[in-house]
Amino acid sequence: MDKKIIGTGALMGMIAIILGAFGAHALKKILTPELLATFETGVRYQMYQAFFLLLLPSFKILTEKTKKTIFYLIVIGVIFFSGSIYGLATNYLTPFDFKTIGFITPIGGLFIIIGWGMLAYNYFKSKS
C-alpha cells in the first residue's frame, strides 16, 4: 500500500505543477483575476494533499488499514474539492455547467478534513 500511496502522491503533485503552470500561462490571459485565484486555490490544496500522501507511509503510528482509509479520503477529497474548483473557475470555457455539481466542493473539503483528523486522532491516542 505504501508504494501506491507514494506513487499517487507523486502523480498528484506532478498534476498540480502542470495545472499551476497552465493557470499561470494559458489561463492568465482568459480568466478574470478572481477566477484565476480560484483556480490557484484548487492547485494549492491539491499540492498540500500530494505532500501529505508522500509523508503518510512514514507515520509508524498508523495501521495499514488506517493508512488506506486516509489515502482514499484524501484522493476522493482532492478529486471533489480541487476538481470542482477547476471546473468552477473555468466554467464559462466549457459547455458543461459545473455549477450544477458545485455542491461536491465542500464534500471534498470534508473528506480532506476527516483524513487529516484521522491522523491527528491516531497521533494523540498513540502511547509513543
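Keep in mind that what you see is a predicted model, and the values were worked out from it rather than measured.

A. Structural context of the overall build of the protein chain. In terms of helices and strands, the protein chain carries four helices and zero strands. Traced from its N-terminal end to its C-terminal end, the protein chain shows the element sequence α-α-α-α. Its C-alpha atoms give the protein chain principal-axis dimensions of roughly 55 × 25 × 20 Å. Expressed as a percentage of its 128 residues, the buried residues of the protein chain come to 37%. For the protein chain, the exposed area adds up to about 7600 Å²; of that, 73% sits on carbon and sulfur atoms. For the protein chain, the centre of its 12 positive side-chain charges and the centre of its 5 negative side-chain charges are spaced 10 Å apart.

B. Looking closely at helix H1 (residues 2-25). For H1, built from 24 residues, the straight-helix expectation of 34 Å at 1.5 Å per residue is met to within 8% by its first-to-last C-alpha distance of 35 Å. In this structure, the buried side of H1 is in contact with helix H2 (33-55) and helix H3 (64-89).

C. A look at the nonpolar core. Leu53, Leu56, Ile70 and Ile74 are the most contacted members of the largest nonpolar core, which totals 25 residues. Considering every element that reaches this core, the biggest residue donor is H3, with nine residues. Look past the residues within four positions of Ile70 in its chain and what remains in contact with it is Phe52, Leu56, Leu62, Gly115, Met118 and Leu119.

D. Broad picture of a nonpolar patch on the surface. Residues Leu11, Met14, Ile15 and Ile18 make up a contiguous nonpolar surface patch of roughly 360 Å² in combined accessible area. Considering the arrangement of structural elements, one finds Met14 in helix H1. On the accessibility criterion, Met14 (45% relative accessible area) is partly exposed.

E. Region of interest: the pattern of salt bridges. Counted under the stated rule, the structure contains two salt bridges. The residue Lys67 makes a salt bridge to Asp2 at a minimum N-O spacing of 3.7 Å. Taken together, the positions of Lys67 in helix H3 and Asp2 in helix H1 put the pair 65 residues apart, joining distant regions of the chain. On the basis of relative accessibility, which here comes to 3%, the residue Lys67 falls in the buried class. For Lys67, the salt bridge identified is with Glu64, shortest N-O distance 3.6 Å. Here Glu64 and Lys67 lie together in helix H3, a separation of three residues that amounts to about one turn. When salt bridges that share partners are traced, they join Asp2, Glu64 and Lys67 into one network.

F. A look at the side chain of Asn122. Note on placement: Asn122 falls in helix H4 (residues 104-125). Classification of Asn122 as buried rests on a relative accessible area of 8%. With sequence-adjacent residues up to four places away left out, Asn122 is seen in contact with Ile61, Leu62 and Thr66.

G. Molecular detail of the packing of H3 against H4. It is the contact of H3 with H4, at a shortest axis distance of 7 Å, that shows an interaxial angle of 150 degrees. Between H3 and H4, the crossing angle belongs to the class labelled roughly antiparallel. Where H3 crosses over H4, the handedness of that crossing is left-handed. Grouping the constituent residues of the contact of H3 with H4 by class yields 17 nonpolar, nine polar and no charged.

Calculation rules
Numbers given to residues run from 1 along each chain, matching the order in which its sequence is written. Selection of residues for local features in this predicted model requires a pLDDT of at least 70, selection of side-chain atom pairs for listing and counting requires 80 or more, and totals for whole chains, interfaces and linings are taken over all residues. Based on all heavy atoms of the structure, the side-chain values leave hydrogens and waters out of the count. Put simply, DSSP H or I for four residues or longer makes a helix, DSSP E for two residues or longer makes a strand, and each gets a number counted from the N terminus. Summary of the burial criterion: residues with accessible area below 20% of their type's maximum are buried, those above 50% are exposed, and those between are partly exposed, where the area comes from a 1.4 Å probe applied to protein chains only. Where accessible areas are quoted, they stem from the Shrake-Rupley method and a 1.4 Å probe; at the residue level, only the protein chains shown are allowed to cover. His is not counted, nor are the chain ends, whereas Lys and Arg count as positive and Asp and Glu as negative. The location of each charge is read from NZ of Lys, CZ of Arg, CG of Asp or CD of Glu. How far a helix is expected to stretch is found by multiplying one less than its residue total by 1.5 Å. What makes two residues a contact is simply this: any of their non-hydrogen atoms within 4.5 Å. Think of a nonpolar core as a cluster: buried Ala, Val, Leu, Ile, Met, Phe, Trp, Tyr and Cys residues, connected wherever their side-chain atoms sit within 4.5 Å. Patch building starts from residues that exceed 30% relative accessible area and form no salt bridge, then joins like charges within 9 Å and nonpolar side chains (Val, Leu, Ile, Met, Phe, Trp, Tyr) within 5 Å. By salt bridge we mean one thing: a side-chain nitrogen of Lys or Arg within 4 Å of a carboxyl oxygen of Asp or Glu. Fitting a line to C-alpha atoms yields each axis, with helices limited to the stretch in contact; the angle taken between N-to-C directions then spans 0 to 180 degrees. In this scheme, roughly parallel covers angles under 35 degrees and roughly antiparallel covers those over 145, while 65 to 115 is roughly perpendicular and the rest are oblique. Rotating anticlockwise by less than a right angle from the far helix to the near helix defines a left-handed crossing, while the corresponding clockwise rotation defines a right-handed one. All residues other than Ala, Val, Leu, Ile, Met, Phe, Trp, Tyr, Cys, Pro, Asp, Glu, Lys and Arg, Gly among them, are scored as polar; the first ten of these are nonpolar and the last four charged.

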